[in-house]
Amino acid sequence: MECDKCGDDAVLHAAYSGLYLCEDHLCRAVEKRVRRRIREDGLVPDDATPEDPETWVIGLSGGKDSVVLTEILHDVFEQDPRIELVALSIHEGIEGYRDKSLEACEELTDDLGIRHEVVAYADEFDVQMDDVVEKDPEGMAACAYCGVFRRDVLSRYAEKLGADKLLTGHNLDDEAETALMNFLEGDVDQIAKHFDASLGPFADHDGAPTEQTREAQDHHVPRAKPLRDVPEKEVALYARFRDLPAHITECPHAEEAYRGEIQELMLGLEENHPGTRHSIMAGYEKLAALAAEAYGGEDSEKDFGECEQCGAPTARDLCRKCNLLDALEAV
């Protein structure tokens, strides 16, 4: 088939739009959607200047999503002195897996000239994920432990690095799956938190949308997901066509049963009804804005105190991370 834009050989049929795209126009489309998301979410505030630039910390795992996000952000802001990019990678302690992905991170950041920081669970928590999986004191999937530890490291080090925003490489498939999970679980409070934490547009810019904007959060560096309009397949193709050093291998401990079921459901729906992911997110963002207006804001901020053990923000006496570390220590 031919590209609908230029007549060259097509490499993708985007069923949700009906378009056939060649390699060049596919990559342009991905970049355009990222730039539009940055603009619509107001990620660059009006008061950012070369003398007082914004610092954006990128969670760089070495996988296709974070590598593509880092590449595009660098291309967009390389000549913009208002934005400083810092890549933050985490070594969880998974033999034969993370070392290779960190090599990809180092190759990319060296090529782009971006500052790159690496933090290890072994140094931070005196644990490695291989050992956590073996002990498993809570009877949970490995991803449940790792997700808690990863969020803690990302949040703390984003703050240490002076981040104004923490950017992650969640794509359209990731976000649509999360939206569907939150909805099926009936977790309205989590939907509200999702909006204020990473979905809602920032209010501190002249072009802010007239709809609900996210509430400022004092307890965490605000997150953003500039890739969340781009399907996973298109992210993977972009990494391939731009010859990026992505480490595309699944973690050997990956086991998220419920999300796996949702993923299979989503793939089937998208195949039979192209555009399902986009429509889920379009409706979910509106619902999340309403939930944030009703359940979020200052009232949710009052729930946060400090962990008695590590000082991290939490609504409990001990944060989830410290509870898990205590359980591991007791084994």
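Residues numbered from 1 in each chain as written. Predicted model: local features only at pLDDT ≥ 70, side-chain atom pairs only at ≥ 80, totals over all residues. Heavy atoms only, no water.

(A) Layout of the nonpolar core. Ranked by internal contacts, the top residues of the largest apolar core, which has 39 residues, are Ile38, Trp56, Val68 and Leu73. Elements with a contribution of two residues or more to this core: β1 (12–14), α1 (23–40), β3 (54–59), α2 (64–77), β4 (83–91), α3 (98–112) and α9 (232–241). Apart from residues no more than four positions distant in its own chain, valine 68 is found in contact with Leu227, Val235, Tyr238, Ala239 and Leu244. Among the nonpolar cores identified, the runner-up in size contains 28 residues, and Phe125, Ala142, Tyr157 and Ala163 belong to it. (Core = buried A, V, L, I, M, F, W, Y, C linked by side-chain atoms within 4.5 Å. Buried < 20%, exposed > 50% of the residue type's maximum accessible area, 1.4 Å probe, protein only. Helix = DSSP H or I, 4+ residues; strand = E, 2+ residues; numbered from the N terminus. Contact = heavy atoms within 4.5 Å.)

(B) Highlighting the side chain of glutamate 270. Relative to the helices and strands, glutamate 270 is located in helix α10 (residues 257–272). Given a relative accessible area of 11%, glutamate 270 falls into the buried group. Among the polar contacts made by the side chain of glutamate 270, one reaches the main-chain amide nitrogen of glycine 275 at a distance of 2.8 Å. Once residues lying within four places of it in the same chain are set aside, the contact partners of glutamate 270 are Tyr16, Gly275, Thr276 and Arg277. (Polar contact = N/O pair within 3.5 Å; in protein donor to acceptor, adjacent residues only side chain to side chain.)

(C) A look at the packing of aromatic side chains. Counted under the stated rule, the structure contains 4 aromatic pairs. Look at tryptophan 56 and phenylalanine 77: their rings are 5.0 Å apart centre to centre, the planes differ by 80°, and that puts the pair in the edge-to-face class. Here phenylalanine 77 lies in helix α2 and tryptophan 56 lies in strand β3, a separation of 21 residues in the sequence. Residue tryptophan 56 is classed as buried on the basis of its relative accessible area, which comes to 0%. Owing to a relative accessible area of 8%, phenylalanine 77 belongs among the buried residues under this scheme. Aromatic side chains tyrosine 121 and phenylalanine 125 sit 5.7 Å apart centroid to centroid with 50° between the ring planes, which places their arrangement in the tilted category. Placement of the pair is tyrosine 121 and phenylalanine 125 together in helix α4 (residues 121–125), with a separation of 4 residues, close to one helical turn. According to the relative accessible area criterion, tyrosine 121 is buried, its value standing at 0%. Residue class for phenylalanine 125 comes out buried when judged on its relative accessible area of 9%. The ring of phenylalanine 202 carries lysine 165 above its face, with NZ or CZ at 4.7 Å from the centroid. (Phe/Tyr/Trp six-rings, centres within 6.5 Å; stacked < 30°, edge-to-face > 60°. Lys NZ or Arg CZ within 6 Å of the ring centre and 35° of its normal.)

(D) Representation of a negative patch on the surface within the structure. The grouping of Glu95, Asp99, Glu103, Glu106, Glu107, Asp110, Asp111 and Asp243 at the surface amounts to a negative patch. You can see aspartate 111 is positioned in helix α3. Judged by relative accessible area, aspartate 111 falls into the exposed class, the value being 59%. (Patch = residues over 30% accessible without salt bridge, like charges linked within 9 Å, V, L, I, M, F, W, Y side chains within 5 Å. Areas by Shrake-Rupley, 256 points an atom, 1.4 Å probe, with all protein chains shown as cover. Salt bridge = Lys/Arg side-chain N within 4 Å of Asp/Glu carboxyl O. Lys, Arg positive; Asp, Glu negative; His and termini not counted. Charge placed at Lys NZ, Arg CZ, Asp CG, Glu CD.)

(E) Fine view of unusual backbone geometry. Here the phi dihedral of aspartate 126 falls at roughly 60°; this positive angle occurs in a residue that is not glycine. Structurally, aspartate 126 is set in the loop between α4 and α5 (129–135). Residue classification places aspartate 126 among the exposed positions, given a relative accessible area of 70%.

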